[in-house]
Amino acid sequence: MADGMEAHSMAAHSIAAHRSLRIAWFSDTTDAEGISSYCSKLLLPILAKEHQIELFSESFATTLLGLPNHHYLKAYRCHREQPFDIFFYQLEDGVAARFVRTYLGIMPGITWVHDLFLSDLGAEATHNSPWEHSIEQFYNNSLPFAARSISRHKLWPRAYREAALSPIDLFSSRWALNEFSSMISSRIEAEPGAHRAEYLAIPISCAGIAAPPQQTPLSFATVCGPDLEGRAHKFLPALKGLGSPWQLTWLIDPAEQSAAEILVREFSVVDQVTLVLGRSPEKWSEILSSSHVAIHLSSTPFGHLGPYLQLALGSGRLAIVSDTFHGEETPNTSAFKITPGIHEYAQILGVFEAIQKTQLHTLTLPAQKMVASENDPARIALCLSKIFQESAPQMALIMQRWQELYQSAHVALLAEVRELASSSERNEIDVYKELLSQSFLELGWSS
Amino acid sequence: MSEPVRELAQREAPQQQDIPTLMAQIRERIKSDIERNLDSRSGISRATARFADERGISFGDMQLSEELKFLNRSFSYQDLISRDRVTTHRTGLLGRLLVKVKGRLVEFVRRVALKDYLQAEEGFNINLVRFLNDMARYVDARDTNGLSALARVDDEKSLAILTAGRQLRELRESFEERLKTTDALVRGLEGTINNIKTYTDPSPPLASEQFQTTPALKADTSYLLFENRFRGSKDEIARRLSIYPEIFKNAQAPVLEIGSGRGELQQLFKQEGITSYGVDLDVVMVNVANSLGCTTQYGDAIAHLRGLADRSLGGLVAIQLVEHLTHAHLKELFELAKKKLRSGAKVAFETINPQSVLALSSNYFRDPTHIWPLHPDTLAYMATLSGLKIIETKMLSPVSPNQLLKEIPSDSSHTHAVADAVSKINVSFQQLNRLLYGYQDYCLILEVP
Amino acid sequence: MAKILVLGVKVPFTHGGQEVLVASLIKKLRERGHEVDQIELPFNPLPKESLLTQAAMWRALDLSEFCGQPIDLVIATKFPSYFARHPRKSVWLVHQLRSIYDLYGGQYSDIGDDPRDETLRRLINDGDNKVLAECKFISAISKNVAERLAAFNGLSSTVLYPPLPLGDRYRTQAPEPYVLSVGRICRIKRLDLMINALALTPKLSLKVVGVVDDPQAMEYFNNIIKQHGLESRIELLGRVDDDELVSLYSKALGVFYAPYNEDYGYVTLEALASSKPVVTAKDSGGTLEFIRDGENGFIVDPTPAAVAAAFNTLVADSELSQRLGSAGRRMIESSGMLSAGWDSVIEGLLSPLSAHEVTQAAPQAVGA
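Conventions adopted
- The residue count restarts for each chain, going from 1 along the sequence in the order it is written.
- Written order decides the labels, with chains lettered from A and ligands numbered from 1.
- Only residues with pLDDT of at least 70 are given local features in this predicted model, and only at 80 or more are side-chain atom pairs given and counted; all residues enter the totals for whole chains, interfaces and linings.
- In DSSP terms, a helix is any run of H or I states spanning at least four residues, a strand is any run of E spanning at least two, and both are numbered starting from the N terminus.
- Put plainly, a residue is buried at 20 or more neighbouring C-beta atoms within 10 Å of its own, exposed at 12 or fewer, and partly exposed in between, counting only other residues' C-beta atoms, which are placed from the backbone.
- Whether two residues are in contact depends on their C-beta atoms, placed from the backbone: they are in contact if these lie within 7 Å.
- What counts as an axis is a line fitted to C-alpha atoms, over the stretch in contact for a helix, and the angles between N-to-C directions run from 0 to 180 degrees.
- Roughly parallel means an angle under 35 degrees; roughly antiparallel means over 145; roughly perpendicular covers 65 to 115; every other angle is labelled oblique.
- Crossings are assigned a handedness: left-handed for a near helix turned anticlockwise from the far helix by less than a right angle, right-handed for a clockwise turn.
- Side-chain classes follow a simple rule in which Ala, Val, Leu, Ile, Met, Phe, Trp, Tyr, Cys and Pro form the nonpolar group, Asp, Glu, Lys and Arg form the charged group, and the remainder, Gly included, forms the polar group.
- For two strands to be treated as a pair, DSSP must find at least two bridges joining them.

**Considering the overall build of chain B**
Each helix and strand counted, chain B has 16 helices and seven strands in total. Taking all 449 residues of chain B together, 22% fall into the buried category. Contacts spanning at least 24 positions in sequence make up 72% of the contacts within chain B whose residues lie at least 6 apart.

Spelled out as structure tokens, the structure:
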């Protein structure tokens, strides 16, 4: 985790002028659970002071989060009328953020990747997307367009397409960045070094989370799902094995309720476990206020541990994480790291027992300091702003070249139309020329 | 996690332990538990899991179910068709007669008419019940162990996968690090070679003349020469020089060492009873050598050789010298060797092996008076052109094993894919080791015909 | 009175709510003494590029006069008919080309992120904006459509709900154990939800009114029917006449109408007018403007299990079915959609005329 990977150490192509930029902000803002929504809420108030930001979403509302909002399908018109300097996307798994995945293929920009592994194939429009071809055409204008309707091999679940279509990818997980650098980047670079990938931490606000209460009974909190990856079948028996009194608050999705109840009954911990429905950072903050230890043992490449983990660490709670996937990047001075496997139960029990015997606040200090600095919203907004400033000239060039690609597409489309309308099998006259060309001109479809 | 913050945390609570320490203690404890076979805590808790399904049946209950018990008791119908069970409600003689008749009938039915069928049916029922018993046992066993078995499989597999994955990643990272260094090395090489090309000049002055005109340079380079010649500990030096007495032991006339430096080899020759003397350009070195009882003189090697009588020497040795000579001088040196040595006398030239990138980067390029890296083949070729006979090209100064790129040990937990990848990586490492960390010096041993 | 042309878009061999709407409009206009006729051009959604040529074809038409008789007003309802040129153009928007708007990015759209597809989308979007803005009166058949028009095309419009085609002929009778589904048989109407649900509602059968629009979809539905062995419980009635339709509505236990993001849906209102509860889905769009969960129907997840659960509830609790149905009828009556609705519709659509002199009906030209 070299510091060289951090966002603020990018080489600038020119001295960045600190001017106010027009930014098109594509992000879901509705999903209570979503990370992009959480980040938008924390960063936009700060960034909007410096830049002109307009939101693009699936909502018809004219304002969102205090800023102008448009339906994302109108983005091209807005850009035409008053061009944006940067298109900024937040990529996340889930239905609410699908539109971001779709529009990434339409307009290049800077993407903040929160989820590198996507649990579904996405919108139908992206299934047979000729994105690899489009990238090649971007670098080589003379390439003809891809043949229509070929069934393409869908690369999945890693977000190859989405990562490739942005010239600059920011990752909110170092693990994901590493995955990207080792697995994806070589595959998607049409030109070596054309792509830039860096780490940018998510902002965290622990405001509103009270200091930890008295240490007995020891209070645990978790947001892991009741599936195998959530490791509930490991930590529940470990909790059961604790001698002194404890309690656990389990924040879950309503759809997971029955599965969670079955697990709780199976390990006979019904009296000490409370299920709370409706996952969101706000709910989690409430729960943390009355907890000491947060359990984040989820071992899966899907999903993101933040902001839940960081909220726990930043507010002075002890955390226990898996040392796999996203958990790898948590420093081992910040949280107890468990290796899943045969000895997982023993490790977890060992940790719980150790926690019982120690003064919590001394153990939590390093993590708190780390979150306070690394996930400080003001600092991240500054980083992001700097990235915008420094990449604006490059993005301008890229958008222009992309524009040229679209001009070629227009020409190609009109050629297809003419071909269709002038098919000599059906007509002796050139239908396009004789009947339609006037209308095309009048409608602004040809020039 | 930065060190200062960690130290800060420790300073603030010197008695308390921090998270990594605690975690390490836990892991240690587990490890020792396992070693002492106290793994009662490993695996999932043995606490009975009561899994309630819709009918309220819990684990282990199937075998005890009433239905199965009944079946086990009553699988044979034959017993139902028995004489003893024949009754009638009629009384009196008629009754008794009827019973008898019925009884006979029943016997007949059972023994004769339905015999085969009844037997078959009984057989079928026995088998069915046996099967159901087995099923019940199986289901019970699966129910209790099902979750733990599933979890265990998941554990073992996931541990293996994770370990393999992590190993692979570490390999990749160390590989990339090394690759970066090599990359830098090669670039340095290219740069330096370009620079060196500007050094070569058709008829440069003798090295001695060069030094005389630039005393500062002389001081600098003699320091470097010193570094180069005497790199390593006394033992290493002694080891490196040990091959030479062997080569020159049958010398019939004095052996000349050009570039004799502080006289280590001279001393060694003296010890072994080989008559020798040395010539060196560095006055300081010459004085040092002579003070130790050697016979060395100040002078330029080639000039000295030119001044000797033909066929007067019994041997010629130059350690870390020929790379300082220009092509023309080197050529001349070979010719002089042929001329000034007796027939059958040996010539030994030791120089840095440019096939080893480490030697080049660490040893060769330090000295700006090195003219050109002398590949063993090149030097040998030049020797043969001059008519000298090649006895041997001895490779010297191998790199210590702990400097080499380490191969990955194979592990029984590796899957085929992983083992395959590991062996490929190892082969690559071997290749790289040969390229980067080959022998650092070599000695060309020639004989004057 | 006025000479009016109603512009229709016809996909040959199909018949749906759209056709019913246009037919009703023409009938009502004639009842008020106007001279009305319909112009239709055939429409083919494939290949994609032909969308441009078909819109351009409408644009190339000159509808200002025929045989010396000027046309006072044209009324358009669908893409691409509103591309036609006329100084007095009204639009009563049923829907635009949905595959580039609300269906974009979903499984019902074939427009992808290929640069040519995106260019096509932009051209049509720009075209829509231009030609719709020319209209002297813009209205939409539902709030859904009006909102989309505002959000996608920046145009504000009046909401004019289409009155029910059969006016006050709807009635109710004692329910028989069948579910009624009315609508063109194609993927977006999601008949498969109901077929799969039927496997979970043993006490009910299903009657389907509607013509096949998409043979592939029909094949798929047939497969599911066979899979679950429901041949005896499903009746495919095709097209039925008005009386039969009213009768089918009146005796149904409930009506299934859960298309994906529908703009309007006559079916919903016909069901309510017949005092029958409607089972619809959370993403059915326009129907949600009229159905309230637990008040006059059920709004469920678009899964067979949820749909089946809703119908099983109706079967089990006849008092509840009754209550939901009556509430629906009351709602429809109070909204005035049963018959009085035509006045405001026609007033709006004809409003461009008030600024222009209406020509008297002239003698027909020879050979017209």
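**Focus on the packing of helix 1 (residues 35-50) of chain A against helix 14 (residues 377-421) of chain A**
Residue and element names in this part refer to chain A. Two elements in contact, helix 1 and helix 14, have axes separated by 9 Å at closest approach and are oriented at 50 degrees. The orientation of helix 1 relative to helix 14 falls into the category oblique. The chirality of how helix 1 crosses helix 14 is right-handed. Side by side, helix 1 and helix 14 meet where Leu-42, Leu-43, Ile-46, Leu-47 and Glu-50 of the first sit next to Pro-377, Ala-378, Ile-380, Ala-381, Leu-384 and Ser-385 of the second. Split by residue class, the contact of helix 1 with helix 14 holds nine nonpolar, one polar and one charged.

**Quick notes on the interface of chain C and chain A**
Note on interface size: it is often stated as the accessible area lost on association of the parts. Between chain C and chain A, the contact holds 32 residues from the first and 38 residues from the second. Elements with a contribution of two residues or more to the side of chain C that touches chain A: helix 2 (50-60), helix 3 (115-133) and helix 4 (143-153) of chain C. No other element matches helix 3 of chain C, which puts 10 residues into the side of chain C that touches chain A. For the side of chain C that touches chain A, the per-class residue count stands at 13 nonpolar, nine polar and 10 charged.

**A word on unusual backbone geometry**
All names here are of chain C. The omega angle of the peptide bond from Leu-46 to Pro-47 is -5 degrees, so this bond is cis rather than trans. You can see Pro-47 is positioned in the loop between strand 2 (35-42) and helix 2. In this structure, Pro-80 follows Phe-79 across a cis peptide bond, with omega equal to 0 degrees. By the element assignment, Pro-80 lies in the loop between strand 5 (73-78) and strand 6 (89-95). Non-glycine residue Cys-67 carries a positive phi angle of around 50 degrees. Along the chain, the position of Cys-67 falls in the loop between strand 3 (65-66) and strand 4 (69-70). Its 10 C-beta neighbours within 10 Å are what place Cys-67 among the exposed residues. Residues other than glycine seldom take positive phi values, yet Arg-190 does so here, at roughly 55 degrees. On the secondary structure map, Arg-190 appears in the loop between strand 9 (178-182) and helix 5 (191-198). What makes Arg-190 buried here is the crowd of 23 C-beta atoms within 10 Å.

**Description of the environment of Ala-221 of chain A**
All names here are of chain A. With respect to the helices and strands, the residue Ala-221 is situated in strand 9 (residues 218-222). Judged by C-beta crowding, with 27 C-beta atoms within 10 Å, Ala-221 ranks as buried. Separated by 63 residues in the primary sequence, Ala-221 and Trp-284 have C-alpha atoms spaced 8.6 Å apart. If near-sequence neighbours (up to four positions away) are discounted, Ala-221 is found in contact with Thr-249, Ile-287, Leu-288, Ser-291 and Ala-294.

**Quick look at the sheet that holds strand 11 (residues 273-277) of chain A**
Across a sheet, paired strands are connected by hydrogen bonds in the backbone, their directions being either parallel or antiparallel. Residues and elements named next belong to chain A. The parallel open sheet is built from six strands, whose spatial order is 11-10-9-12-13-14. Of all the strands in the sheet, the pair left with one neighbour each is strand 11 and strand 14 (336-338). Across the sheet, the mean angle separating the axes of adjacent strands is 20 degrees when strand polarity is ignored. Of the pairings in the sheet, the one linking strand 9 to strand 10 (residues 246-252) comprises five bridges and is parallel in character. Directly across from Leu-218, in strand 10, lies its bridge partner Trp-246. Set on the sheet, helix 10 (residues 281-289) makes contact with strand 9, strand 10, strand 11 and strand 12 (293-296); between it and strand 10 the angle comes to about 175 degrees.

**Here's the deal with the sheet that holds strand 6 of chain C**
Residues and elements named next belong to chain C. If you walk across this open sheet you meet the six strands as 2-1-5-6-7-8, and the pairing is parallel. The sheet is open, and its two edges are formed by strand 2 and strand 8 (158-159), each paired on a single side. Pairing of strand 7 (residues 137-140) with strand 8 involves two bridges; the strand directions are parallel. In the strand pairing of strand 8, Ala-140 is matched with Val-159. The sheet contacts of helix 11 (residues 341-349) involve strand 5, strand 6, strand 7 and strand 8, and relative to strand 7 the element is tilted by about 145 degrees.

**Points about the environment of Lys-338 of chain B**
In this fold, Lys-338 of chain B is placed in helix 13 (residues 327-340). In this structure the C-alpha to C-alpha distance between Lys-338 of chain B and Leu-388 of chain B, which are 50 residues apart in sequence, comes to 6.7 Å.

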